[in-house]
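Here is how the chains run, residue by residue.
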Amino acid sequence: MEKRIPAHISIIMDGNGRWAKEKGHERGYGHIHGVESVRKVTQACVEEGVKYLSVYAFSEENWSRPAEEVGFLMNLMMDAISREVETLMKNGVRFRVLGNMERIPSTLQDAIRALEEQTAGNDRLTLIVFLSYSGQWDILQAAKKMAMEHGTDVSGVTREDFGRYLVTAGIPDPDLIIRTSGEQRLSNYLLWQGAYSELYFTDILWPDFGGKELHDAVEAYSRRDRRFGGLSKKEAGDNQ
Ligand code: IPE
Ligand code: IPE
Ligand code: MG
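Below, the structure is looked at part by part. (Residues numbered from 1 in each chain as written. Chains lettered and ligands numbered in written order. Predicted model: local features only at pLDDT ≥ 70, side-chain atom pairs only at ≥ 80, totals over all residues. Heavy atoms only, no water.)

Some points on the site of ligand 2
Note the cut-off: Put simply, a residue is near a molecule or strand once any heavy atom of it comes within 4 Å of that molecule or strand. For this analysis, a polar contact is any N or O atom pair within 3.5 Å, provided that within protein one partner can donate a hydrogen and the other can accept it, and provided that sequence-adjacent residues contribute only side-chain to side-chain pairs. Only protein atoms enter the 1 Å grid used here. Points where a 1.4 Å probe fits but cannot escape make up a cavity, open sets with protein on both sides within 12 Å along at least five of seven lines make up a pocket, and a residue lines them when an atom lies within 4 Å of a point. A molecule is counted as occupying a cavity or pocket when more than half of its atoms fall within 2 Å of that pocket's grid points. In this count, Pro and Cys sit with the nonpolar residues alongside Ala, Val, Leu, Ile, Met, Phe, Trp and Tyr, while Asp, Glu, Lys and Arg are called charged and the others, Gly among them, polar.
Every residue near ligand 2 is listed here: Ile-12, Met-13, Asp-14, Tyr-56, Ala-57, Phe-58, Ser-59, Asn-62, Arg-65, Arg-179, Arg-185 and Ser-187. A distance of 3.3 Å separates an oxygen atom of ligand 2 from a polar atom in the side chain of Arg-65. Side-chain polar atom of Arg-185 to an oxygen atom of ligand 2: 2.8 Å apart, as the coordinates give it. Judged by the fraction of its atoms near the pocket grid, ligand 2 is located in the largest pocket. The residue makeup of the shell around ligand 2, split by class, is 5 nonpolar, 3 polar and 4 charged.

Next comes the structure, spelled out in C-alpha cells:
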C-alpha cells in the first residue's frame, strides 16, 4: 500500500518540564532541548514531503505560568529566531507565527515579522508556530471580525466563509495532530480546524521526539481510515 503523507501535521509539544525534572534540571533546560526537537522534526517533514508543519509553542493559558518561565520562553523564541534563519532559508522553509500578538513583547514581535518577511518566498514547507494562541480565542476573534464586516447580515455565511476569518485562513486543516508526553487532551488547541484531524498520542516527552518518532506517527496515520462521517472506501464499495 502506498504510504499516505499528511499535507499538514500539527504538534502539541508537551513534556519539556517533566523531561528536565527527570534529569534533575530546571524546567528551562527542557524548553531549550524542545527547540532541538522542533529543528529535527522540521527537517524530517522537509524530507517526508509534508507541506505544513505547525507547532503549539505557547497557549493563551500559558500566560498564567510564573513570570520567570514566561520570560524564559519569550527569550528562547527570540534566540531561536536569530539562530535558525540560515537553516530555514537553506531548506526552503517559510516561517509564520499565529496567535494573539498583543501580549508578545514588541522586540519579539519585530523579530517575528522580519523572519516572516525574509522567508515569505520559501515554498518547500511552511512552519507555523502557534504563540499566545487558543482555539476559543481564534473562534471569538473570527466572529468579531466577521461581525465588523457583515453586521447582522450573516444568514448566507458558510463554514468556508467563516474559516477565512480564523488566523489559519488559507492554511489547510491539520490532517494529523500529535500530542507528546502522555496527556490526551487538546488544551484549547485548533478547536475549529481540528474537527476531523486524526489524533496521535505518545508517551514520549517532547525533547525526546525527533525524526524517527515523526516517521512512526506518519506510519500510524497512513493506516488510519478517514471517513469524515461517510463510509470507508471498502464499505462504500460493498454497498454498491
Ligand atoms: C510544553 O512543555 C511546552 C509549553 C507548554 C510551553 P511543558 O512546559 O508543558 O512541560 P510539562 O508538561 O510541564 O512537562
Ligand atoms: C499545551 O500544553 C500547550 C502547549 C503545548 C503550548 P500545557 O502543558 O500548557 O497543557 P495542560 O495545561 O497540561 O493542559
Ligand atoms: Mg505541559
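Concerning the sheet that holds strand β1 (residues 8-12)
Worth spelling out the cut-off: In this scheme, strands are said to pair when DSSP sees at least two bridges between them. Strands here are runs of E lasting at least two residues and helices are runs of H or I lasting at least four, both read from the DSSP assignment and numbered beginning at the N terminus. Helix axes are fitted to C-alpha atoms over the stretch in contact, other axes to C-alpha atoms as well, and angles between N-to-C directions run from 0 to 180 degrees. Throughout, a residue-residue contact means that at least one pair of heavy atoms, one from each residue, lies within 4.5 Å.
Here 6 strands make up an open sheet; going across it, the order is β3-β4-β2-β1-β5-β6 and the pairing parallel. Of all strands in the sheet, those with a lone pairing partner are β3 (93-98) and β6 (198-201), marking the two edges. Averaged over neighbouring strand pairs, the angle between their axes works out to 20° when direction is ignored. Sheet analysis places β1 next to strand β2 (residues 52-59), joined by 5 bridges and oriented parallel. Note that in β2 the partner of Ile-11 across the bridge is Val-55. Lying over the sheet, helix α4 (residues 106-118) contacts β3 and β4 (125-133), oriented at roughly 145° with respect to β3.

Quick look at the site of ligand 1
So the rule is basically this: Note on areas: these come from Shrake-Rupley sampling with a 1.4 Å probe, and a residue is covered only by the protein chains present in the view.
Around ligand 1 lies a shell of 13 residues, among which Asp-14, Gly-17, Arg-18, Arg-27 and Arg-65 are the nearest. One of the backbone N or O atoms of Asn-16 is found 3.2 Å from an oxygen atom in ligand 1. One of the side-chain N or O atoms of Arg-65 is found 2.7 Å from an oxygen atom in ligand 1. In the complex, 87% of the free accessible area of ligand 1, which totals 370 Å², lies under the protein chains. Here ligand 1 is seated within the largest pocket. Looking at the shell around ligand 1, the element that brings in the most residues is helix α1 (residues 16-22), giving 3 residues. The class makeup of the residues in the shell around ligand 1 is 3 nonpolar, 5 polar and 5 charged.

Things to note about the environment of Pro-66
Put simply, the test is: Between buried and exposed lies partly exposed: a residue is buried under 20% and exposed over 50% of the maximum accessible area for its type, with that area taken using a 1.4 Å probe on protein chains only.
With respect to the helices and strands, Pro-66 occurs in the loop between β2 and α3 (67-91). Judged by relative accessible area, which is 53%, Pro-66 ranks as exposed. Each C-alpha atom of the pair Pro-66 and Gly-229 lies 43 Å from the other, and the pair is 163 residues apart in sequence.

Honestly, it's all geometry; don't read function into it.
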